[in-house]
Every structure is written in structure tokens, then in C-alpha cells.
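# Report on the structure
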Amino acid sequence: MILERSALIARLQERLAGEIEAAELAQWAFDRFYELDQGMLAVHEADIDVIADVLDNLLFADDTRFALDETDLRRLIARLQEP
């Protein structure tokens, strides 16, 4: 299975809409990170850097020291939407 930018955008939009909590987003990001690390999930070669960076930002989104506000989430979406 391939992790695509659109999947990350969808999760970020869910967080912005208040449909999921920061902890759920962080857990989802951790799960995807682990699956990528274990080879259970893949990423298009052109997307490796951006997806890795976004997942890295989300891994600790449930920790108040690394909490992401609306501006941060929108910045990540914009980054994922870049060609």
C-alpha cells in the first residue's frame, strides 16, 4: 500500500474541523511512520521528503510542547499541496 499526500491532507483537515483530537492525529502519524519503517507501507519516491517531514511534525502533536495550532496545520497542508 502507498501512503499518499492526500491521506495526510485528509487527516490534517479532520483535525482542523475538530473531528479528531491531537492525540489521535499523533497516533495515526506514529502508526504510518512505523509502517513505513517496517516496509509495510510505501511512499512515491518524489514524496519521501515531504511526507517524512510532515509525519515528523505530527508524531508529537499531542504533547503541549510540540502542539500544532491552526496555522501550523494549514502550513503542513500547503506544503503537501506543493508540486
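You'll find the structure just up there.
Bear in mind the structure is a predicted one, so any value in this text is a computation, not a measurement. Going along each chain's sequence as written, the residues are numbered from 1 onward. In keeping with the predicted nature of the model, local features appear solely for residues at pLDDT of at least 70, side-chain atom pairs appear and are counted solely at 80 or more, and the whole-chain, interface and lining totals rest on all residues. To get the side-chain values, take all heavy atoms of the structure and skip hydrogens and water.

### Re the environment of Glu82
Helix and strand assignments follow DSSP, with helices taken as H or I runs no shorter than four residues and strands as E runs no shorter than two, numbered in order from the N terminus. Position of Glu82 relative to the elements: it lies in the segment after helix H4 (70-81). Sequence separation between Glu82 and Glu70 is 12 residues, and the spatial gap between their C-alpha atoms is 19 Å.

### Focus: the packing of aromatic side chains
Under the pairing criterion, centres of Phe, Tyr and Trp rings, with the six-membered ring standing for Trp, must be within 6.5 Å; the plane angle then separates stacked pairs below 30 degrees from edge-to-face pairs above 60, leaving the rest tilted. Evaluated as defined, the whole model comprises one aromatic pair. Each ring, one from Phe60 and one from Phe66, has its centre 6.0 Å from the other, and the planes form 50°; the classification is tilted. Classification of Phe60 as partly exposed rests on a relative accessible area of 46%. Relative accessibility thresholds used throughout: buried, under 20% of the residue-type maximum; exposed, over 50%; partly exposed, between the two (1.4 Å probe, protein chains only). Judged by relative accessible area, which is 45%, Phe66 ranks as partly exposed.

### Thoughts on the nonpolar core
In this description, a nonpolar core means a group of buried Ala, Val, Leu, Ile, Met, Phe, Trp, Tyr and Cys residues linked to one another through side-chain atoms lying within 4.5 Å. Judged by nonpolar contacts, the single largest core of 23 residues is most densely connected at Leu3, Leu8, Leu12 and Leu58. Elements represented by at least two residues in this core include exactly helix H1 (5-16), helix H2 (22-37), helix H3 (48-58) and H4. It is H3 that provides the largest number of residues to this core, a total of five residues. Excluding its chain neighbours within four sequence positions, the residues that come into contact with Leu58 are Leu12, Leu25, Ala26, Ala29, Leu68 and Leu76. The contact rule is simple, with two residues in contact once any of their heavy atoms fall within 4.5 Å.

### What to know about H4
Along its 12 residues, H4 runs 16 Å from first to last C-alpha, staying within 8% of the 16 Å computed at 1.5 Å per residue. Residues of H4 that are buried include every one of Leu73, Leu76, Ile77 and Leu80, and no others. Buried residues in H4, looked at end-on, bunch into an arc of 100°, giving them a common side. Packed against the buried residues of H4 are H1, H2 and H3. Expected helix span is taken as 1.5 Å per residue step, with the number of steps being one fewer than the number of residues. Working definition: the arc comes from the directions between the helix axis and the C-beta atoms, pointing outward to the latter.

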